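One-letter residues, chain by chain:
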Amino acid sequence: MSDQLETIRVLVVDDHALFRQGVIAGLGETKGSAHVVIVGEADDVASGIAAIQQHDPDVVLLDVHLTSGSGGEIIEAVSLTNPNVRFLALSVSDAPEDVFGVVRAGARGYVTKRIDSPELIESIAAVAQGHAVFSPRLAGFVLDAFKSVAAVVPPENDEADAELDRLSPREREVMQFLARGYAYKEIAAELHISARTVESHASAVLRKLHLSSRHELAHWAAKRRIV
Amino acid sequence: MVVRPGNCDTDVAMTEQPAMNVRLSRQDRLALGVASRVSGRLGASVAVVRVAFALLGLAVGWGVVAYLGLAALLHGRNEPSPRPVTLTRNLGIVVLTAAQLLVVEDLFAAFPAMLLWPVGLVLFAIVLADPDLDADPTRRQSMVGRVVAGVVLMIAGLLTALAGTDDLASLWRAGVAAFVLVGGIGLVLAPWLRRVLTVADTDRADRIRAEERADIAAHLHDSVLQTLTLIQNRAGDPQLTAALAHQQERELRRWLYGADDQPDRTVSFRAALERVAADVEDQYLKIIECIVVGDTANDGEGLGPGPLAVIGAAREAIVNAAKFADIPMISVYAEVDEDSFLVFVRDRGVGFELASVSDDRHGVSDSILGRVERFGGDAIIKTSPGNGTEVRIELPR
């Protein structure tokens, strides 16, 4: 049976050894929708970069907050040498500036460390296929950020730019369902569209997060903490 | 004439003991005690007011009418603490009285002076009728409006009456007749009006009491009954039972005596909802993912009763999920924007047949829907056996 499952090679970067062991043990025990193999682990920015370059994994589980720096630095450092590696941010930190930093650096998704193993495997599989993974928390951040950005974007802003700075009604709807704790499949049923379409909306939002150059969006997270 | 003893030096004591005023004005009275009450309200010496009433009563006649009218108006009311007597206010009364007397003298000689009549009347009546003028600037503004409107109306009335006749004497008679008529109607209707006002007050008090009772019932259901249920469920664990009982006692104490309730009122919506989620998480050992988009301004004024009701309803929904859904994870999502508060509480648990919830299960009907409905909000429960539950709570801002 497991031969037919896709094998995903995963690297874990987290500065808490205990947590790394917990994740690795959990992933090993759980039979999920994909077959996950741990190819290595690292505990700071430098060793993380080295391990990625050495193993070239499919997916990196990346703590957003490392003692020696942020997960975003690793993503930027390996973007040229290992362009096919996909990152899933994993964190206890719910500070929006941490989460946004890593996502904007190029991570395909963000989940909290409270996630259970079957769900984590599902998220890893989704990221491996190039899909976007939004935890409710990240969807909430996105709604909050684009809401405050929309408030400051002048309507005469030129089209191409403005497009990146706001969510379409459907994208907003999808983000809202995600924040409410719905899975893609459940959202598809609610909206009477295919799960693929839901996923493409989510990916579109992720692309806006990556590309939007608005000063306001970039600094939303930092402001958010003060407010 | 005797100046009321201690009218100015006991002013502070008056403020602290309003009950004393009534007794004082009863003791210090010559006829109906109107002069002493009026003097307290105006801040004029009682002697000056009495002389003014006497002179106006003798010379003009309406001094008597005003005296009786005020006696009816002030009857049974609690007196506000008297204003300090000042020279300017005494002078004001003297000047007004003198003006009225002069006007009467000239009444039949020079017509335009007659226009002073309505001005004096309206000013006098309104200043007397409204004891809180000094306290509230907005009321002062509305008073200015009323004075202007009243004066304009009375002048217009006089001019209309004048246009119909050349004979000032007949006009004077007509005026007196109108005055008597209005006064008569007023006297006849006064008891009825008073009763209508009293009934309205009683109704309002009843409604407030009923709402308070509903609030208390909802609160007790939220806290005490929930904890009692929890204690029964875990009766085998004495330590936990004791801890729960202790915690509940502290909470109930705080609620009853309001010792530490204030922090809840000064936080923002986001903080309040997150606190509720954390509380339930601790109490029921579930994971509650709480996402809030937008927030209320944390201006120190705290949340109004509406948002607090939303929080309370959300808490009820979260607790319900924690107790009945049989699943470790509950999702809470809230959106605060300019027009509304919106909260979703969702679990992927066992769900239930909505129709099977009877009226006596207080939780669903009153504690979620009832709370927000009272403030114009709405709550929708979407559930079916095996398909989880989602509660949607919305309240327009």
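Refer to the structure presented above.
Residues numbered from 1 in each chain as written. Chains lettered and ligands numbered in written order. Predicted model: local features only at pLDDT ≥ 70, side-chain atom pairs only at ≥ 80, totals over all residues. Heavy atoms only, no water.

Asker: Mind showing me how you'd approach the overall build of chain B here?
Answerer: Per the secondary structure count, chain B includes 14 helices and five strands. Each of the 397 residues in chain B was classed as buried or not, and the buried ones make up 38%. Residue pairs at least 24 apart in sequence account for 70% of intrachain contacts in chain B once pairs closer than 6 positions are excluded. In the structure as shown, chain B presents an accessible area of about 22,300 Å², 62% of it carried by carbon and sulfur atoms. (Helix = DSSP H or I, 4+ residues; strand = E, 2+ residues; numbered from the N terminus. Buried < 20%, exposed > 50% of the residue type's maximum accessible area, 1.4 Å probe, protein only. Contact = heavy atoms within 4.5 Å. Areas by Shrake-Rupley, 256 points an atom, 1.4 Å probe, with all protein chains shown as cover.)

Asker: How should I be thinking about the interface of chain A and chain B in this particular structure?
Answerer: Size of an interface: often given as the accessible area lost when the parts come together. Contacts between the two partners involve 18 residues from chain A and, on the opposite side, 21 residues from chain B. For the chain A face of the interface with chain B, the top three residues by lost area are Arg 114, Arg 137 and Arg 180 of chain A, together amounting to 35%. Linking chain A with chain B are six salt bridges, by the criterion used here. Residues Arg 348 of chain B and Glu 186 of chain A are paired through a salt bridge, measuring 2.9 Å at the closest nitrogen-oxygen approach. Taken together, the connections running from chain A to chain B amount to twelve residue pairs in polar contact (both at pLDDT 80 or more). Looking at the side of chain A that touches chain B, the elements with two or more residues in it are α6 (136-152), α8 (169-179) and α9 (184-191) of chain A. In terms of residue count, α6 of chain A provides more of the side of chain A that touches chain B than any other element does, six residues in total. For the side of chain A that touches chain B, the residue count by class is five nonpolar, four polar and nine charged. (Buried area = accessible area lost by both parts, 1.4 Å probe. Salt bridge = Lys/Arg side-chain N within 4 Å of Asp/Glu carboxyl O. Polar contact = N/O pair within 3.5 Å; in protein donor to acceptor, adjacent residues only side chain to side chain. Nonpolar A, V, L, I, M, F, W, Y, C, P; charged D, E, K, R; others polar.)

Asker: Mind showing me how you'd approach the packing of helix α2 (residues 45-55) of chain A against helix α3 (residues 71-78) of chain A here?
Answerer: Each pair of packed helices gets described by two things: the angle between the helix axes and the distance between those axes. All names here are of chain A. It is at 9 Å that the axes of α2 and α3 come closest, and there the two elements cross at 35°. The way α2 lies across α3 gives a crossing that is right-handed. Only Glu 73, Ile 74, Ala 77 and Val 78 of α3 make contact with α2, whose side of the interface consists of Val 45, Gly 48, Ile 49 and Ile 52. Grouping the constituent residues of the contact of α2 with α3 by class yields six nonpolar, one polar and one charged. (Axes fitted to C-alpha atoms, helices over the stretch in contact; angles between N-to-C directions. Left-handed = near helix turned anticlockwise from the far one by under 90°.)

Asker: What is the right way to read the sheet that holds strand β7 (residues 109-112) of chain A from this model?
Answerer: Strands pair in a sheet through their backbones, by hydrogen bonds, and they do so in one of two ways: parallel or antiparallel. Residues and elements named next belong to chain A. Pairing in this open sheet of six strands is parallel, and the strands run β2-β1-β3-β6-β7-β8 from one edge to the other. The strands lining the two open edges of the sheet, one partner per strand, are β2 (35-42) and β8 (133-134). Of the strand pairs in this sheet, strand β3 (residues 59-63) and strand β6 (residues 86-91) are connected by five bridges, and their pairing is parallel. By the bridge assignment, Val 59 is partnered in β6 with Arg 86. Contacting β1 (7-13), β2, β3 and β6, α2 runs over the sheet at an angle of about 160° to β1. Where helix α5 (residues 117-128) meets the sheet, it contacts β1, β2, β3, β6, β7 and β8, and its direction lies at approximately 150° from that of β6. (Pairing = 2+ DSSP bridges.)

Asker: Can you walk me through α9 of chain A in this structure?
Answerer: In an α-helix there are 3.6 residues to a turn, and that puts residues three or four apart on one side. Residue and element names in this part refer to chain A. The complete set of buried residues in α9 reads Tyr 184, Ile 187, Ala 188 and Leu 191. Seen along its axis, α9 keeps its buried residues to an arc of 105°; they face one direction. Within α9, the exposed residues directed more than 90 degrees away from the buried face are Lys 185 and Ala 189. Where α9 is buried, its residues touch β8, α8 and α10 (195-211). Looking one or two places after α9, you find His 192, whose phi comes out positive at around 55°. (Arc of directions from axis to C-beta.)

Asker: Got a minute to help me understand the packing of aromatic side chains in this structure?
Answerer: In this description, a pair of aromatic rings is defined by centroid distance and the angle of the planes. The final tally for this structure, using the stated rule, is four aromatic pairs over all chains. Between Phe 100 of chain A and Phe 141 of chain A the ring centres are 6.5 Å apart and the planes differ by 75°, which places this aromatic pair in the edge-to-face class. Residue Phe 100 of chain A is found in helix α4 (residues 96-105), and its partner Phe 141 of chain A is found in helix α6; the two are separated by 41 residues along the sequence. With relative accessibility at 3%, the residue Phe 100 of chain A sits in the buried group. On the basis of an interplanar angle of 20° and a centroid distance of 6.3 Å, the ring pair of Tyr 333 of chain B and Phe 344 of chain B is categorised as stacked. (Phe/Tyr/Trp six-rings, centres within 6.5 Å; stacked < 30°, edge-to-face > 60°.)

Asker: What exactly am I supposed to notice about the side chain of Arg 137 of chain A here?
Answerer: Tracing the chain through its elements places Arg 137 of chain A in helix α6. Within polar-contact distance, the side chain of Arg 137 of chain A engages the backbone oxygen of Cys 290 of chain B at 3.2 Å.

Asker: When you look at the sheet that holds strand β2 (residues 329-336) of chain B in this model, what are you seeing that I'm missing?
Answerer: Residues and elements named next belong to chain B. Spatial ordering of the open sheet is given by β1-β2-β3-β5-β4, a layout of five strands whose pairing is mixed. At either end of the open sheet lies a strand with only one pairing partner, and these are β1 (287-293) and β4 (378-383). Sheet twist, expressed as the mean angle between neighbouring strand axes with direction ignored, is 10°. In this structure, β2 lies alongside strand β3 (residues 340-347), joined through seven bridges in antiparallel fashion. The partner of Val 332 across the bridge, within β3, is Val 345. Docked against the sheet, helix α13 (residues 305-324) engages β1, β2, β3 and β5 (389-396), running at close to 5° with respect to β3.

Asker: Looking at this structure, how should I read a nonpolar patch on the surface?
Answerer: A contiguous nonpolar surface patch, about 270 Å² in accessible area, is contributed by Leu 32, Val 64 and Leu 68 of chain B. Within the element layout of this structure, Val 64 of chain B appears in helix α5 (residues 62-74). (Patch = residues over 30% accessible without salt bridge, like charges linked within 9 Å, V, L, I, M, F, W, Y side chains within 5 Å.)

Asker: Honestly, the pairing of β1 of chain B in this entry has me stumped. Any pointers?
Answerer: The side chains of a regular strand alternate, first on one face of the sheet and then on the other. Residue and element names in this part refer to chain B. Here β1 lies mainly inside the structure; six of its seven residues are buried. In this structure, β1 lies alongside β2, joined through seven bridges in parallel fashion. Across the sheet, Ile 287 pairs through a bridge with Met 329, a residue of β2.

Asker: Quick question: what am I supposed to make of the side chain of Ser 331 of chain B here?
Answerer: Structurally, the position occupied by Ser 331 of chain B is in strand β2. When neighbours within four sequence positions are excluded, Ser 331 of chain B is seen to be in contact with Arg 180 and Gly 181 of chain A together with Glu 289, Phe 344, Val 345 and Arg 346 of chain B.

Asker: Please explain the pattern of salt bridges as it appears in this structure.
Answerer: Oppositely charged side chains may form a pair once their charged atoms are brought near each other. Scanning all chains against the criterion turns up 13 salt bridges over all chains. Across the pair Asp 295 of chain B and Arg 270 of chain B runs a salt bridge whose closest N-O atoms are separated by 3.7 Å. With Asp 295 of chain B in the loop between β1 and α13 and Arg 270 of chain B in helix α12 (residues 269-284), the pair connects residues that are 25 residues apart, well separated along the chain. By relative accessible area, which is 29% here, Asp 295 of chain B ends up partly exposed. Residue Arg 270 of chain B is classed as buried on the basis of its relative accessible area, which comes to 14%. The residue Arg 392 of chain B makes a salt bridge to Glu 394 of chain B at a minimum N-O spacing of 3.0 Å. When its relative accessible area of 29% is taken as the criterion, Arg 392 of chain B is described as partly exposed. Look at Glu 394 of chain B and you get partly exposed, because its relative accessible area is 27%. A single salt-bridge network, built from bridges that share partners, covers Asp 144 of chain A together with Arg 270 and Asp 295 of chain B.

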